[in-house]
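Remarks on the overall topology
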Amino acid sequence: MTMQDIAGGPKPVNSHSKTANKKFILSAKVEPDGQTVHLEGRKQLINAGARGVTPLDLPTGVRMAHYIFLLRRHFVISTRHESHGGDFGGTHARYTLETFVNITEDIAVAA
């Protein structure tokens, strides 16, 4: 029994898409020292290059700050705070990968 059942509210909607999202298992060689790091996740930060990536670039629900926290164990990632307008104006972070990495293995798996 759920809270909706008890309170008489609407039934929850299954918001999962019919197609599986792709997650990646990456092996990356950190340059210039050559340390190899094995990661699981998405590749937006690597693909963004010097432009960087913000939470606004990703699907709703992606916990970007947590991913950045974990990646900082292996890589140097810069953060710039930017303003944005709209109904919910404020600031957001733009993250840029500063460490040069060479992807040595890239395997797509269902998330």
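Residues numbered from 1 in each chain as written. Predicted model: local features only at pLDDT ≥ 70, side-chain atom pairs only at ≥ 80, totals over all residues. Heavy atoms only, no water.

1. Quick word on the overall build of the chain
Each helix and strand counted, the chain has 3 helices and 5 strands in total. Going residue by residue from the N terminus, the α and β elements of the chain occur as α-β-β-α-α-β-β-β. Looking at the chain as a whole, 25% of its 111 residues are labelled buried. Partitioning the contacts of the chain with sequence separation of at least 6, the portion at a separation of at least 24 is 51%. Summing over all exposed atoms, the chain offers an accessible surface of approximately 8100 Å²; the carbon and sulfur share of this is 55%. (Helix = DSSP H or I, 4+ residues; strand = E, 2+ residues; numbered from the N terminus. Buried < 20%, exposed > 50% of the residue type's maximum accessible area, 1.4 Å probe, protein only. Contact = heavy atoms within 4.5 Å. Areas by Shrake-Rupley, 256 points an atom, 1.4 Å probe, with all protein chains shown as cover.)

2. Quick word on the side chain of Arg-94
Tracing the sequence through the fold places Arg-94 in strand β4 (residues 90-97). Within the local environment of Arg-94, its side chain forms a polar contact with the backbone oxygen of Arg-51, the two atoms lying 3.3 Å apart. A distance of 2.6 Å separates the side chain of Arg-94 from the side chain of Glu-82, its partner in a polar contact. With sequence-adjacent residues up to four places away left out, Arg-94 is seen in contact with Arg-51, Gly-52, Val-53, Thr-54, Asp-57, Ser-78, Thr-79, Arg-80 and Glu-82. (Polar contact = N/O pair within 3.5 Å; in protein donor to acceptor, adjacent residues only side chain to side chain.)

3. Focus: the pattern of salt bridges
Inspection of every chain in the model, using the stated rule, returns 2 salt bridges. We note a salt bridge from Arg-94 to Glu-82, for which the minimum N-O separation is 2.6 Å. Taken as a pair, Arg-94 in strand β4 and Glu-82 in strand β3 (residues 77-84) lie far apart in primary sequence, 12 residues in all. Within this structure, Arg-80, Glu-82 and Arg-94 form a network of salt bridges that share partners. (Salt bridge = Lys/Arg side-chain N within 4 Å of Asp/Glu carboxyl O.)

4. Observations concerning the pairing of β4
Most of β4 sits out of view: 6 of its 8 residues are buried. As judged from the 8 bridges shared by β3 and β4, these two strands associate in the antiparallel manner. Opposite Ser-83, over in β4, you have Thr-91 as the bridge partner. Taking the residues that link successive antiparallel strands as the turn, the β3-β4 hairpin has 5 residues, and the phi of Gly-86 there is positive, at about 95°. (Pairing = 2+ DSSP bridges.)

5. A word on the environment of Tyr-67
Topologically, Tyr-67 is positioned in helix α3 (residues 64-71). Spatially, the C-alpha atoms of Tyr-67 and Gly-41 are 8.3 Å apart, while their sequence positions differ by 26 residues.

6. As for the environment of Ile-25
When you line up the elements, Ile-25 lands in strand β1 (residues 22-30). Separated by 16 residues in the primary sequence, Ile-25 and Gly-41 have C-alpha atoms spaced 6.5 Å apart.

7. Thoughts on the side chain of Thr-99
With respect to the helices, strands and loops of the structure, Thr-99 is situated in the loop between β4 and β5 (101-110). Of the residues examined, Thr-99 reaches a relative accessible area of 14% and is grouped as buried. Among the polar contacts made by the side chain of Thr-99, one reaches the main-chain amide nitrogen of Val-76 at a distance of 2.6 Å. Apart from residues no more than four positions distant in its own chain, Thr-99 is found in contact with Val-30, Phe-75 and Val-76.

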